[in-house]
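Close look at the chain arrangement
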Amino acid sequence: MPRIELLTDVQAVPEAVFDACLDVGMHTRSMGTSSERAVGGVTTGRLTAGDAVTWEARHFGLPWRMTVRITDYRRPHGFTDEQISGPFGRWHHEHSFTPDPADSSATVMRDVIDFAAPMGFVGDLMASFILRPYLRRLIARRSAYLAATLAGGPRPAHEEVV
């Protein structure tokens, strides 16, 4: 199963980063390249424990729809969203927020995504060679947008292959 891990330094305290990551409007703005929008469940405001949202977007020129639920909620330390319906065989996205030990007004934001594509062996190949790089870039862009919005300028997001 493919895994993506991204770390992003954000010049904001963990509470602010946590709240921004669960804000539906912020998410929509951060995903502008895919025209993502909330079309079901919680469609405005801030998501919280147990909430579900259905996202509609265009990826690879095709319409996609995915419903996720917030299955773990530990403000301000982290939360997890998991697909309950959509295109993936599995989607498990852990978000964590740790104070930066070198800067008390900064946060290290960590995204860990475990996912699987449907369609068996063919899906596994697509996930490894097409979806994983695409999703890594998409999440890195989103993280950079959040960092820029919260702090006036992003620090680089970098991937750790685990």
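Here the structure is shown first, and the text comes after it.
The structure presented is a predicted model; accordingly, all values stated were derived computationally and were not measured. (Residues numbered from 1 in each chain as written. Predicted model: local features only at pLDDT ≥ 70, side-chain atom pairs only at ≥ 80, totals over all residues. Heavy atoms only, no water.)

1. Some details on a nonpolar patch on the surface
Judged by side-chain polarity, Phe60, Leu62, Met119, Phe121, Val122, Leu125, Met126, Phe129 and Ile130 come together as a nonpolar surface patch covering roughly 950 Å² of accessible area. Of all the elements, helix H3 (residues 120-151) adds the most residues to the nonpolar patch, at 6 residues. Residue placement: Met126 occurs in helix H3. Accessibility expressed as a relative area gives 32% for Met126, which makes it partly exposed. (Patch = residues over 30% accessible without salt bridge, like charges linked within 9 Å, V, L, I, M, F, W, Y side chains within 5 Å. Areas by Shrake-Rupley, 256 points an atom, 1.4 Å probe, with all protein chains shown as cover. Salt bridge = Lys/Arg side-chain N within 4 Å of Asp/Glu carboxyl O. Helix = DSSP H or I, 4+ residues; strand = E, 2+ residues; numbered from the N terminus. Buried < 20%, exposed > 50% of the residue type's maximum accessible area, 1.4 Å probe, protein only.)

2. Remarks on the packing of helix H1 (residues 14-21) against H3
Look at H1 against H3: their axes get within 11 Å of each other, and the N-to-C directions meet at 125°. One finds that H1 runs oblique with respect to H3. Considering how the two elements wind past one another, H1 and H3 form a crossing that is right-handed. Counting all contacts with H1, which are made through Ala16, Val17, Ala20 and Cys21, the residues of H3 involved are Arg142, Leu146 and Leu150. Tallied by class, the residues present in the contact of H1 with H3 amount to 6 nonpolar, no polar and 1 charged. (Axes fitted to C-alpha atoms, helices over the stretch in contact; angles between N-to-C directions. Parallel < 35°, antiparallel > 145°, perpendicular 65-115°, else oblique. Left-handed = near helix turned anticlockwise from the far one by under 90°. Contact = heavy atoms within 4.5 Å. Nonpolar A, V, L, I, M, F, W, Y, C, P; charged D, E, K, R; others polar.)

3. Here's the deal with the pairing of strand S3 (residues 52-59)
Among the 8 residues of S3, 6 are classified as buried, and the element is accordingly described as predominantly covered. Summarising the sheet, strand S2 (residues 37-41) and S3 pair through 4 bridges and their orientation is antiparallel. Bridged to Ala38 within S3 is Trp55. Relative to strand S4 (residues 62-74), S3 runs antiparallel, the two sharing 8 bridges. (Pairing = 2+ DSSP bridges.)

4. Brief notes about empty space enclosed by the protein
Evaluation of the coordinates by the stated rule reveals 1 cavity of 30 Å³ or more. What the largest cavity holds in volume is close to 460 Å³. If you trace the largest cavity, you find 32 residues lining it, with His27, Glu36, Trp55, Met66 and Trp91 closest to the centre. Of all elements in the fold, only helix H2 (24-30), S3, S4, strand S5 (78-85), strand S6 (90-100) and H3 reach the threshold of two or more residues within the lining of the largest cavity. (1 Å grid on protein atoms, 1.4 Å probe; cavity = no way out; pocket = protein on both sides within 12 Å on 5 of 7 lines; lining within 4 Å. Points joined across faces, edges and corners; volume = space filled by probe spheres on them.)

5. Some thoughts on H1
Of all the 8 residues making up H1, 6 are buried; the element is thus mostly covered by neighbouring parts of the structure. Listing the buried residues of H1 in full gives Pro14, Val17, Phe18, Asp19, Ala20 and Cys21.

6. Quick notes on the side chain of Thr80
By the secondary structure assignment, Thr80 is in strand S5. Here Thr80 falls in the buried class, since its relative accessible area comes to 5%. With residues up to four places along the chain from it excluded, the contact list for Thr80 reads Arg69, Ile70, Thr71, Asp72, His92, His93 and Glu94.

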